[in-house]
Amino acid sequence: MTSRNPPASGMTGHASSSPELERWLARHIEQGFGADALVRSMRQSGYDAEFARTLVQVAFAGRKGVARPESPPAPRGRDGVAARDAAAAAHDAAARSHAVQAGDREVPVAFALESPRIALYQQLLAPQECDELIALSRGRLARSPVVNPDTGDENLIDARTSMGAMFQVGEHALIERIEARIAALTGIPVEHGEGLQILNYKPGGEYQPHYDFFNPQRPGEARQLRVGGQRVATLVIYLNDVPGGGATAFPKVGLRVMPVKGNAVFFAYLDDDGKLDDRTLHAGLPVEAGEKWIATKWLRELPYRADT
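Residues numbered from 1 in each chain as written. Predicted model: local features only at pLDDT ≥ 70, side-chain atom pairs only at ≥ 80, totals over all residues. Heavy atoms only, no water.

- Per an unreviewed UniProt entry, the protein goes by the name Prolyl 4-hydroxylase and belongs to Cupriavidus gilardii J11.
- Of the comments in the UniProt record for the protein, the one headed Cofactor (unreviewed entry) reads "L-ascorbate". (UniProt positions renumbered as here; feature names shortened; annotations may be inferred.)

So, in structure tokens, the structure goes:
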């Protein structure tokens with residue numbers, strides 16, 4: 001099922017509604033289209049971006065009786081669309097709010113960039129939860145691999161110098177609680193998430209610039225698409241305060257996010273045209289003093305299974 005374009009605005013940057021446009025929105029919401037897909041269609045038809053987002057929000061609120069639109073389940077034949085739209089809708093909600101509800105806690109929003117979609121959430125995890133995650137991981141730390149783009153195997157490379165521990169989805173009560181919180185924050189179901197990965201960087205440790213999404217043109221990375229589809233977003237949670245260095249850098253945006261205990265940076269990979277956004281290139285800068293602990297959650301288009 002595909003979305004038909006909304007009534008033509010007649011000019012770029014148009015910012016007024018009409019009964020025909022409101023009927024178009026109501027019909028497509030009823031058919032299961034997500035908020036971000038509808039905003040993209042309106043922008044492609046010449047409507048102002050902020051006007052489109054506001055009108056879609058109002059349309060969802062009128063249908064569901066809530067202040068923020070919730071991303072509906074994907075209709076039959078549109079696999080993966082719901083997860084992609086949810087990632088964008090979660091970011092758009094953050095961009096409009098000082099705080100968002102993440103299941104069992106309200107999370108302040110420090111900032112939200114519109115393009116590319118990057119948001120910084122404060123106090124996503126309580127200090128005790130951060131400490132408990134670190135303690136859980138200490139006994140299983142091993143050198144962190146990366147996916148070989150040609151074979152799909154996991155290899156060790158010099159560009160990534162962290163130690164890591166992988167956990168299965170719901171493996172521990174603490175992890176289950178955090179995963180439920182992440183699902184509430186992002187709108188992406190728990191089963192679409194890869195297992196939580198805890199990473200530890202010692203002084204000098206870094207992860208050089210890279211993308212988290214998979215390149216379908218590389219056979220090894222294409223192999224990864226068979227176990228949950230494309231990655232659509234990343235959430236990096238900082239588990240300790242780093243005395244020096246260790247920021248998450250987005251070099252194509254000119255942005256650095258400093259590691260603050262309990263905070264989390266979220267970024268989604270699709271641009272307004274639904275294409276993978278190469279501006280989400282990012283790096284873990286070298287740790288200059290102390291050590292750095294993070295928890296990383298990768299979110300997929302489809303339910304994820306760890307076997308290949």
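**Concerning the packing of aromatic side chains**
Then step 1. Under the definition given, this model contains 4 aromatic pairs.
Then step 2. Here Tyr211 and Phe213 contribute two aromatic rings whose centre-to-centre distance is 4.9 Å and whose plane-to-plane angle is 25°, an arrangement assigned as stacked.
Then step 3. Taking 6.2 Å as the distance between ring centres and 55° as the angle between the ring planes, the aromatic pair formed by Phe267 and Tyr269 counts as tilted. Note on accessibility: Phe267 and Tyr269 belong to one class, buried.
Then step 4. Sitting over the ring of Tyr201, Lys292 keeps its end group 5.1 Å from the ring centre. (Phe/Tyr/Trp six-rings, centres within 6.5 Å; stacked < 30°, edge-to-face > 60°. Buried < 20%, exposed > 50% of the residue type's maximum accessible area, 1.4 Å probe, protein only. Lys NZ or Arg CZ within 6 Å of the ring centre and 35° of its normal.)

**Details of the sheet that holds strand β9 (residues 207-210)**
Then step 1. The antiparallel open sheet is built from 4 strands, whose spatial order is β9-β15-β12-β13. What marks the edges here is a single partner per strand, and that holds for β9 and β13 (255-257). Mean inter-strand twist for the sheet, computed between neighbouring axes without regard to direction, equals 15°.
Then step 2. Both β9 and strand β15 (residues 282-284) contribute to a ladder of 2 bridges, which runs antiparallel. Among the inter-strand pairings, Tyr207 is bridged to a residue of β15, identified as Gly284. (Pairing = 2+ DSSP bridges. Helix = DSSP H or I, 4+ residues; strand = E, 2+ residues; numbered from the N terminus. Axes fitted to C-alpha atoms, helices over the stretch in contact; angles between N-to-C directions.)

**A few points about the confidence of the model for the protein**
Then step 1. For the protein, per-residue confidence averages 81 on the pLDDT scale, and residues scoring 70 or more make up 79% of the total.
Then step 2. pLDDT under 50 marks residues 64-79. Its contacts with residues more than four places away, or in other chains, come to 32 contacts. (pLDDT = per-residue confidence, 0-100. Contact = heavy atoms within 4.5 Å.)

**Observations concerning helix α1 (residues 19-30)**
An α-helical turn contains 3.6 residues, so a residue and the one three or four places further along point in the same direction.
Then step 1. For α1, which comprises 12 residues, the first-to-last C-alpha distance of 16 Å matches the rise-based estimate of 16 Å (1.5 Å per residue) to within 8%.
Then step 2. When we look at burial in α1, the residues that qualify are Leu21, Trp24, Leu25, His28 and Ile29. Angular distribution of buried residues about the axis of α1 spans 125°; they occupy a single face of the element. Relative to its buried face, α1 has exposed residues pointing more than 90 degrees away, namely Pro19, Arg23 and Glu30. (Expected span 1.5 Å × (residues − 1). Arc of directions from axis to C-beta.)

**Quick look at the nonpolar core**
Then step 1. Core analysis: the biggest nonpolar cluster contains 36 residues, and Tyr121, Leu124, Leu133, Ile237 and Leu239 have the highest contact counts within it.
Then step 2. Looking at this core, the element that brings in the most residues is helix α6 (residues 173-186), giving 5 residues.
Then step 3. When neighbours within four sequence positions are excluded, Leu124 is seen to be in contact with Ala102, Arg105, Val107, Glu129, Arg181, Leu185, Leu235, Ile237, Gly262 and Ala264.
Then step 4. Counting residues in each nonpolar core, the second largest holds 18 residues, with Tyr238, Val265, Phe267 and Val287 among its members. (Core = buried A, V, L, I, M, F, W, Y, C linked by side-chain atoms within 4.5 Å.)

**Some thoughts on unusual backbone geometry**
Then step 1. Cis geometry marks the peptide bond from Ser115 to Pro116; its omega dihedral reads 0°.
Then step 2. In this fold, Pro116 is placed in the loop between β2 (105-113) and β3 (118-121).
Then step 3. Phi at Gln123 takes a positive value of approximately 60°, unusual for a residue other than glycine.
Then step 4. In this fold, Gln123 is placed in the loop between β3 and α5 (127-137).

**Some points on the pattern of salt bridges**
Then step 1. Counted under the stated rule, the structure contains 11 salt bridges.
Then step 2. Linking Glu171 and Arg140 is a salt bridge whose minimum nitrogen-to-oxygen distance equals 2.6 Å. Within this pair, whereas Glu171 is found in the loop between β7 (163-166) and α6, its partner Arg140 is found in the loop between α5 and β4 (142-143), the two being separated by 31 residues in sequence.
Then step 3. A relative accessible area of 39% means that Glu171 is categorised as partly exposed.
Then step 4. Since its relative accessible area comes to 36%, Arg140 is described here as partly exposed.
Then step 5. Where Lys297 meets Glu179, a salt bridge forms, and the shortest distance between an N and an O atom there is 3.1 Å. Pair noted here: Lys297 is in strand β17 (residues 292-300) and Glu179 is in helix α6, with a separation of 118 residues, a long-range link.
Then step 6. For Lys297, a relative accessible area of 3% gives the class buried.
Then step 7. Three or more residues joined by partner-sharing salt bridges are found here, namely Asp104, Glu129, Arg177 and Arg181. (Salt bridge = Lys/Arg side-chain N within 4 Å of Asp/Glu carboxyl O.)

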